[in-house]
Amino acid sequence: GFLTSSSSASQRIVSSVGPLSAEPLEAGSTVVVCTGPTCKRTGAKNTLPIFQELAADMGVNVETFSCVSECAECGLGPNVEIRKKGDDGPFYPIKNGVKTEEDVKKVL
């Protein structure tokens, strides 16, 4: 998740590198949009309604999480955690800089 132990920070950063998405998410998958202070300032308040609108038709769940720390990825936000159907974690990929409708479509 967004808040894990500090020892997992490097794992989360590594998982966020690369293209936003190579294939669409299956119905039953979940995206978690960070709505913490830094992500909200960088655009999450605009990103969240786009996810809510587009994900509903796909059967993808949209959740929010308000990160309260200045983690290593806060400055790269808005950040979205991707929980593919059947993936039981505990570490999920985090996509950074998801700001526009085009970015949201790449995640979904």
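Residues numbered from 1 in each chain as written. Predicted model: local features only at pLDDT ≥ 70, side-chain atom pairs only at ≥ 80, totals over all residues. Heavy atoms only, no water.

Engineer: Honestly, the pattern of salt bridges in this entry has me stumped. Any pointers?
Structural biologist: Side-chain pairs of opposite charge can arise whenever the charged atoms involved come near each other. Overall, the coordinates contain four salt bridges when judged by the stated rule. Across the pair Arg83 and Glu63 runs a salt bridge, and its minimum N-O distance is 3.9 Å. Here the residue Arg83 occupies a position in strand β3 (residues 80-83), and Glu63 occupies one in strand β2 (residues 61-65), the gap between them amounting to 20 residues. The salt bridge involving Lys106 is made with Glu102; its shortest N-O contact spans 3.4 Å. Here Lys106 pairs with Glu102, and both are found in helix α3 (residues 101-107), just four residues apart, close to one helical turn. (Salt bridge = Lys/Arg side-chain N within 4 Å of Asp/Glu carboxyl O. Helix = DSSP H or I, 4+ residues; strand = E, 2+ residues; numbered from the N terminus.)

Engineer: Even after reading the chapter, I still don't get the sheet that holds strand β1 (residues 30-34), so can you show me in this structure?
Structural biologist: For sheets, the rule is that strands pair by backbone hydrogen bonds, running either parallel or antiparallel. Taken together, four strands build an open sheet; the order of strands is β2-β1-β3-β4 and the sheet is mixed. Both edges of this open sheet fall to β2 and β4 (94-95), since each of them pairs with a single strand only. Note: β1 against β2, five bridges, orientation parallel. Of the residues in β2, the one forming a bridge with Val31 is Val62. With respect to the sheet, helix α2 (residues 37-56) is in contact with β1, β2 and β3, its orientation differing from that of β1 by roughly 155°. (Pairing = 2+ DSSP bridges. Contact = heavy atoms within 4.5 Å. Axes fitted to C-alpha atoms, helices over the stretch in contact; angles between N-to-C directions.)

Engineer: Which parts of the structure should I look at to understand the environment of Phe65?
Structural biologist: Relative to the helices and strands, Phe65 is located in strand β2. Assessed through its relative accessible area of 31%, Phe65 is described here as partly exposed. Separated by 33 residues in sequence, Phe65 and Val32 have C-alpha atoms that sit 6.5 Å apart. (Buried < 20%, exposed > 50% of the residue type's maximum accessible area, 1.4 Å probe, protein only.)

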